[in-house]
Amino acid sequence: MLLINCPWCGPRDETEFHYGSEAHIAYPEKPEELNDEQWAEYIFIRNNPKGWYAERWVHTASCRRWFNVWRNTINHEFGPSYKPFTKQPSRPK
Amino acid sequence: MVNLKQFRESPLKGSKLGSKSTIYLQEKPFATTLEIRVKQTSGAKGKIEKVLKIKLPTKVGSTFRNKDFTVLTLGPDWWMIVGATTNHEKLIRKSTGSQFVSIVDTSAQRTFIEVSGKYAQAVLEHGWENDLNVQNFPGGSCAQGILARTPVIIYYGPIGVYHLYVRASFAQHLWNFLTDAATEYLAK
Ligand SMILES: [Zn+2]
């Protein structure tokens, strides 16, 4: 089981969270001007790196808050978590 | 047809088990709960504090208690007031006016179970996965999480007494889990 650090509640079990995929994907500024391909790209296409990945999690069972966290996709090691709209900590080594 | 009268009382009405020298479980009759959602930075927060004559705690998991009510901090913008009266609700509504704040009376939503006795912590640890040791969960802490696959709020008020708040529809399930977990300690 993963131990995930909620920026508000501290370290909690993975079962309390839900996954939200890649972080820092901004909503299109003018969605009405996107064609189907661009819209599909915004909705579905995500990076799939081998290594550190900044992603979103939501603390469903406790504070109900979304936040961002660095996770290593190779060994599931967690890096720093951070609140939305705050400065992203640098990629862990 | 569904008999609505059965929902007018706590699903665990009058339930109790064990003794204080080992493990003691008891259903507590309905207390009123008021849930408040307001941004920490909002001016409405100050108005609520003025009406209640308290400061809302800022750290998630911290609480405040006076002789009238207990305030649990469930999220960065989310407080639950246990024991608040309809008068409190009215006053808060009046003071915040049209400001962006949510005040909901959730009194009938949850059932309250008190867990106390020498083995209270041990019984809860059969299913509660967060740390209950006093250095990480001292008196006056609260936490929301999963116990026996059920969403539960635990408030650790007076030392040695845990208050569990569970949705009424899951109360019997949680009670069954707790009585099962308590069995081995009852004979000690
Ligand atoms: Zn949280």
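Source: prediction; values computed, not measured.

Comments concerning the overall build of chain B
Link 1 in the chain: The helix and strand inventory of chain B stands at four helices and eleven strands.
Link 2 in the chain: Computed over C-alpha atoms, the radius of gyration of chain B comes to 17 Å, within 12% of the 16 Å expected from 2.2 N^0.38 for 188 residues, which places it in the range of a compact globule.
Link 3 in the chain: Principal axes of the C-alpha set define a box for chain B whose edges measure 55 × 50 × 30 Å.
Link 4 in the chain: Scored against the burial criterion, the 188 residues of chain B give a buried share of 34%.
Link 5 in the chain: For chain B, long-range pairs separated by at least 24 residues make up 60% of all intrachain contacts whose partners lie at least 6 apart in sequence.

Remarks on the overall build of chain A
Link 1 in the chain: Along chain A, the regular secondary structure elements total one helix and six strands.
Link 2 in the chain: Reading chain A from its N terminus to its C terminus gives the helix and strand order β-β-β-α-β-β-β.
Link 3 in the chain: Projected onto its principal axes, the C-alpha positions of chain A cover 40 × 30 × 25 Å.
Link 4 in the chain: In chain A, the proportion of contacts linking residues at least 24 apart, taken out of those at least 6 apart, comes to 51%.

So, the sheet that holds strand E5 (residues 70-75) of chain B
Residue and element names in this part refer to chain B.
Link 1 in the chain: The five strands lie next to each other as E4-E5-E6-E3-E7, forming an open sheet whose pairing is antiparallel. Each of the sheet's edge strands pairs with one partner strand only, and the pair in question is strand E4 (63-65) and strand E7 (102-105). On average, each strand axis in the sheet is inclined to that of its neighbour by 20°, with strand direction left out of account.
Link 2 in the chain: Along the sheet face, helix H2 (residues 86-96) touches strand E3 (33-37) and E7 and points at about 165° away from the line of E7.

What to know about the interface of chain B and chain A
Link 1 in the chain: Listed by partner, the interface residues are eleven residues for chain B and eleven residues for chain A.
Link 2 in the chain: Listing elements by their share of the side of chain B that touches chain A, those giving two or more residues are E5 and strand E9 (141-147) of chain B.
Link 3 in the chain: No other element matches E9 of chain B, which puts three residues into the side of chain B that touches chain A.

Digging into helix H4 (residues 171-186) of chain B
Link 1 in the chain: Between its first and last C-alpha, H4 of chain B extends 21 Å over 16 residues, near the 22 Å set by a 1.5 Å rise per residue.
Link 2 in the chain: Those residues of H4 of chain B that sit buried are Ala171, Leu174, Trp175, Leu178, Ala181 and Ala182 of chain B.

Considering the environment of Lys13 of chain B
Link 1 in the chain: Within the secondary structure, Lys13 of chain B is located in the segment before strand E1 (16-18).
Link 2 in the chain: Each C-alpha atom, one on Lys13 of chain B and one on Glu27 of chain B, is 6.7 Å from the other, the two residues being 14 residues apart in sequence.

Quick look at the domain arrangement of chain B
All names here are of chain B.
Link 1 in the chain: Split into domains, chain B comes out as domain 1 (13-30 + 110-186) and domain 2 (33-105).
Link 2 in the chain: Averaged C-alpha coordinates put domain 1 and domain 2 at centres separated by 25 Å.
Link 3 in the chain: Every contact between the two is made by nine residues of domain 1 and, on the other side, six residues of domain 2.
Link 4 in the chain: Sorting the residues of the side of domain 1 that touches domain 2 by element identifies E9 and strand E10 (150-156) as the ones contributing at least two each.

Focus on the pairing of strand E6 (residues 78-82) of chain A
Residues and elements named next belong to chain A.
Link 1 in the chain: Pairing between strand E5 (residues 66-72) and E6: three bridges, direction antiparallel. Looking at the pairing, Arg71 lines up with Phe78 of E6.
Link 2 in the chain: The hairpin formed by E5 and E6 contains five residues between the paired strands, and His76 there has a positive phi angle of roughly 65°.

Here's the deal with the nonpolar core
All names here are of chain B.
Link 1 in the chain: Residues Leu72, Val115, Val123 and Ile154 are the most contacted members of the largest nonpolar core, which totals 54 residues.
Link 2 in the chain: Among the elements that make up this core, the one with the highest residue count is H4 (six residues).
Link 3 in the chain: Lining this core are residues from two domains, each supplying at least three of them: domain 1 (13-30 + 110-186) and domain 2 (33-105).
Link 4 in the chain: Setting aside its immediate chain neighbours within four residues, Val123 contacts Ile23, Val115, Leu178, Ala181, Ala182 and Tyr185.

Cut-offs used in this document
Chains are numbered independently. Their residues run from 1 in the order of the written sequence. The order in which chains are written sets their letters, starting at A; the order in which ligands are written sets their numbers, starting at 1. For a predicted model such as this one, the threshold for reporting local features is a pLDDT of at least 70, and the threshold for listing and counting side-chain atom pairs is 80 or more; totals across whole chains, interfaces and linings nevertheless cover every residue. Runs of E in the DSSP output that reach at least two residues are strands. Runs of H or I that reach at least four are helices, and both are numbered from the N terminus. Radius of gyration here is computed from C-alpha atoms only, and the compact-globule reference equals 2.2 Å multiplied by the residue count raised to the power 0.38. Each residue is classified by how many other C-beta atoms fall within 10 Å of its C-beta atom, where C-beta atoms are placed from the backbone; a count of 20 or more means buried, 12 or fewer means exposed, and values in between mean partly exposed. Each residue is represented by a C-beta atom placed from its backbone, and any two residues with such atoms within 7 Å are regarded as in contact. One bridge is not enough; two strands pair if DSSP finds at least two bridges between them. Think of each axis as a best-fit line through the C-alpha atoms, taken over the contacting stretch in the case of a helix, with angles from 0 to 180 degrees between the N-to-C directions. Expected span of a helix: the number of residues minus one, times 1.5 Å. What marks off one domain from the next here is an automatic or database domain assignment. Nonpolar core, as used here: buried Ala, Val, Leu, Ile, Met, Phe, Trp, Tyr and Cys residues forming one set through C-beta atoms within 7 Å.

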